[in-house]
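Coordinates in review
Listed here are the chains, written in short residue letters.
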Amino acid sequence: MCFLTNPKHIKGLLLAAKDKRTTIKIHALMIKTNLSTYRNFMGRVIASYASNYDIVSARKLFEELPQRGVDTFNAMIIAYSRKESPFEVLGLYNRMIKDGVKPDSSTFTVALKACVGLMDMEMGEEIWRKAVDFGYENDVFVGSSMLNLYAKCGKMYEATAVFDKMKRKDLVCWSSMINGFAVNRQPCEAVEIYRRMQKEGIEGDEVVIVGLIQACANLGDSRLWLSVHGYAIKRDLDFDVKVQTSLVDMYAKNGHLDLASHVFKKMSHKNVVSWGALISGFAQNGLVGSTLETLVEMQSCGFEPDSVSLMSALLSCAQIGLLKLGKSIHGYILRRFDFDQVLGTAVIDMYSKCGAPSCARAIFDQMESRDLISWNVIIASYGIHGHGKEALSLFLQMIETKQMPDHSTFASLLWALSHSGLVEEGQYWFDLMVSKYKIQPSEKHYACMVDLLARAGRVEEALQLIDSMNTEPGLAVWVALLSGCHNNGKLSVGEMVAKKVLELNPDDSGIHALVSNFFAMKEKWDEVAGVRKTMRNMRIKKVPGYSAVEVNGELHAFIMEDKSHHQFEDILNILKKLDREMRAIRCLPNTELCMV
C-alpha cells in the first residue's frame, strides 16, 4: 500500500492508464489516501480522464475543485483543444484570467491555437498582449503560435514584426513564416526567409519544403523549381504524399505537364489531392482530353473525385462545349456534394460557355446564397451571348442586394454592353465606376470601352479615350481599336493603329492576320508583304479557326476548307437547302451557296 500512496508512483499510474475504468480506480485510490487534496495531482487526473475520451468526467471534476491552479486549468484547456473545441478553450482561458490564475507558456500556446481555428485575430492579439505582459514575448512556442495566427489571417507585415523581435527561433517559426508568405502569394518574401534560415545554419524539413515549393509555383522561375526539387532529393527528405503533391502542383501550374506527370507516376501513394492537382493542371493548360481521361482513371483506381477535380472537369467541358458531359457532372455533384457557391458558380460557367444560358440562369436563381463571383459569372454569361440588357438588369439586381461590384463585375458588364452595341449605357456605367464606386479603370476596362466605341464606328472617340489613359495602353486596347477601324472602314485612323500594334511586336498569329487584312483592305500590298515576312521570320503560323458541335455525346470539329468529315456531302446539301429557303423568304437572288 505504501508503494501505491507514493505521489511519484501515482503519477506513473495515471500516465499509464489506457481506459476510463483504470482512471476511475486510480482516482478512487487518491480520494481514499487523501492524495486528492494535492492540487497539482488533480490536473493529472483531469488529463487522464480527457485522454481516455471522458471529457464530461474531466469537466465535472474540474468544476468540483475548491481551488484551481494553472495545471488544472491547462489540463482542461488542452483536453478541449484536442477535442477541437476552440470556444471552450477560450472560455476557460478568459475564466482563468478573471480568477487571477497566471497563465504559462502552454496556456498561451493552446489559446492562440484556438484563435487560429476560429480565425479570431482580435482575440489572438489580446492574448498576445497578455503573453508579452507576463514575460512570454521571447517564448518560442508562444511566438510561433502567434506567427501562425498572423500568417493564417494574411497579416504577414505583423507576423514579420513579431518574428524579427524573437531572440530565438526554432524550425516551426521559420516554417510558419515561409508557409505564411507562400499561402498569401508573396513568393519572393518566402524565398528570402528561406535564405535567411539557411544563413542561420538551420536545415529545412518537409514542412518547409512544401511552403517553398508552393512559393516557387507562383514565381515562374524554372531554375528555382528545379533547384528546390534537387535540394529535396539531395537532402534525402521524406518524399511523403504532401511533398510530392506539391511538386505535381508546382510543375502543373507552370505548364510543365510532362514533369508533373512524371512525378505523379513515381508516387508510391496517391490521394484525392494528388489526383486533383494533376487534373487541375491539365484543365488550366487547356488539355481537355488529358483532363477527362485522368478523371476517369482516378475513378478506376478507386478514388472519388473531390470538388477540385470536378471543377476542373467542368472547366474542360466549357472549353470545348461538351454540354452532355457537363450535365452528367452536374448530376454527379447534386448526388454527392453540397451544392455550395463554388461548385454552383462552376456549373453556371459551364452551362453558359456550352451555349445553354437558360440553364445557367436557372442554376443561379436556385442558389440559396450568392457571392460576388457568382454574380460576375452570370453577368458575363449574358455578355457571351450578346444579351447586354439582361446583363445590365442583373447588375442592377446585384446592387439592390447591397453586393458591392468590383473591377471584375464592371469588366463583365462593359464587355456585355460592348457586344450588344449599348454605347450610352456603357459610357454611363464606366463614368459611374470611377466617380461613385472609386474603381480606377484597368487596361481591360479601357479595352472594353474602346471596343464598345469602335464597334459603333466611333473610332475618333475611342482614340480620345486612349489618349486620356494615365498608363501606356497595351496591346488589347490597340487591337480593339484596330478591329473597329477594319470593320467600319476607318482607314486613316486604322493605319496609324496598325503600325502601333506592330510596334508592340505581338506573337499572336490572329493579331498579325488582322493587321495584314487591314492593310490589304487599304491595298497597301507592301505592308501586307512586310507583315507576312515578319510572321515567317518569327515562325508564326496562322492557326485555322474551327467550329465545334456536340452531337449524341460526340464532338465534331469543322475547320475552314476541310472536307474530311464523313458526312460532308450531307451537311453541304442541307446548308444549300437552308440557303435557298432563307433567300426565298427574303426575296434574294437565288445564287448558289459556295462552300470552300
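Fair warning: this is a prediction, and the values are worked out from it, not measured in the lab.

**Digging into the packing of aromatic side chains**
- Per the stated rule, a full pass over the model turns up 12 aromatic pairs.
- Summarising the aromatic geometry, the rings of Phe-108 and Phe-134 are spaced 6.3 Å apart at their centres and angled 35° between planes, so their arrangement reads as tilted. Here Phe-108, found in helix 7 (residues 105–118), pairs with Phe-134, found in the loop between helix 8 (121–133) and helix 9 (140–152); they are 26 residues apart in sequence, far enough to count as distant.
- On the basis of relative accessible area, Phe-108 is assigned to the buried category, the value being 0%.
- On the accessibility criterion, Phe-134 (31% relative accessible area) is partly exposed.
- Ring geometry for Phe-163 against Trp-174: centres 4.9 Å apart, planes inclined by 80°, an arrangement best described as edge-to-face. In this pair, Phe-163 sits in helix 10 (residues 156–165) while Trp-174 sits in helix 11 (residues 171–183), placing the two residues 11 residues apart along the sequence. A single burial state applies to Phe-163 and to Trp-174, both of which are buried.
- Grouping aromatic residues by their ring pairs yields a cluster made of Phe-395, Phe-410, Tyr-428, Trp-429 and Tyr-437.
- Above the ring of Phe-163, the side-chain terminus of Lys-169 is found at 5.0 Å from the ring centroid.
- Just above the ring of Phe-264 sits the side chain of Lys-270; from NZ or CZ to the centre is 5.1 Å.

**As for the environment of Gly-154**
- Structurally, the position occupied by Gly-154 is in the loop between helix 9 and helix 10.
- The spatial distance from the C-alpha of Gly-154 to the C-alpha of Asn-184 is 6.0 Å, given a sequence separation of 30 residues.

**Topic: helix 22 (residues 357–366)**
- Along helix 22, the residues classified as buried are Ala-360, Ile-363 and Phe-364. Buried residues of helix 22, viewed axially, fall in a sector of 100°; they line one side. Turned more than 90 degrees from where helix 22 packs its buried face, Ser-358 and Gln-366 sit exposed.
- Residues of helix 22 that are buried make contact with helix 20 (323–336), helix 21 (341–353), helix 23 (372–384) and helix 24 (388–400).

**A closer look at a nonpolar patch on the surface**
- A surface patch of nonpolar side chains, about 370 Å² in accessible area, is lined by Ile-574, Leu-575, Leu-578 and Met-582.
- Within the element layout of this structure, Leu-575 appears in helix 33 (residues 568–586).

**Considering the packing of helix 4 (residues 55–64) against helix 6 (residues 86–98)**
- Interhelical geometry of helix 4 versus helix 6 gives an angle of 10° and a closest axis separation of 15 Å. Regarding the angle of helix 4 to helix 6, the classification is roughly parallel. Two secondary-structure elements touch here, helix 4 through Arg-59, Phe-62 and Glu-63 and helix 6 through Glu-88, Leu-92 and Arg-95.
- In terms of residue class, the contact of helix 4 with helix 6 is built from 2 nonpolar, no polar and 4 charged.

**Some words on the environment of Leu-295**
- Along the chain, the position of Leu-295 falls in helix 18 (residues 288–300).
- According to the relative accessible area criterion, Leu-295 is buried, its value standing at 9%.
- When the C-alpha atoms of Leu-295 and Gly-276 are compared, they prove to be 8.6 Å apart, with 19 residues separating the residues in sequence.
- Among residues more than four places away in sequence, those in contact with Leu-295 are Ile-279, Pro-305, Ser-309 and Ala-313.

**A short note on the confidence of the model for the protein**
- Averaged over the protein, the pLDDT score is 81; the fraction of residues at 70 or greater is 78%.
- The least confident element of the protein is helix 1 (residues 7–16), whose mean pLDDT is 52; the most confident is helix 24, at 94.
- In this model residues 588–596 is a low-confidence stretch, pLDDT under 50, and it forms 14 contacts with partners more than four residues away in sequence or in other chains.

Thresholds applied
Residues numbered from 1 in each chain as written. Predicted model: local features only at pLDDT ≥ 70, side-chain atom pairs only at ≥ 80, totals over all residues. Heavy atoms only, no water. Phe/Tyr/Trp six-rings, centres within 6.5 Å; stacked < 30°, edge-to-face > 60°. Helix = DSSP H or I, 4+ residues; strand = E, 2+ residues; numbered from the N terminus. Buried < 20%, exposed > 50% of the residue type's maximum accessible area, 1.4 Å probe, protein only. Lys NZ or Arg CZ within 6 Å of the ring centre and 35° of its normal. Arc of directions from axis to C-beta. Contact = heavy atoms within 4.5 Å. Patch = residues over 30% accessible without salt bridge, like charges linked within 9 Å, V, L, I, M, F, W, Y side chains within 5 Å. Areas by Shrake-Rupley, 256 points an atom, 1.4 Å probe, with all protein chains shown as cover. Salt bridge = Lys/Arg side-chain N within 4 Å of Asp/Glu carboxyl O. Axes fitted to C-alpha atoms, helices over the stretch in contact; angles between N-to-C directions. Parallel < 35°, antiparallel > 145°, perpendicular 65-115°, else oblique. Nonpolar A, V, L, I, M, F, W, Y, C, P; charged D, E, K, R; others polar. pLDDT = per-residue confidence, 0-100.

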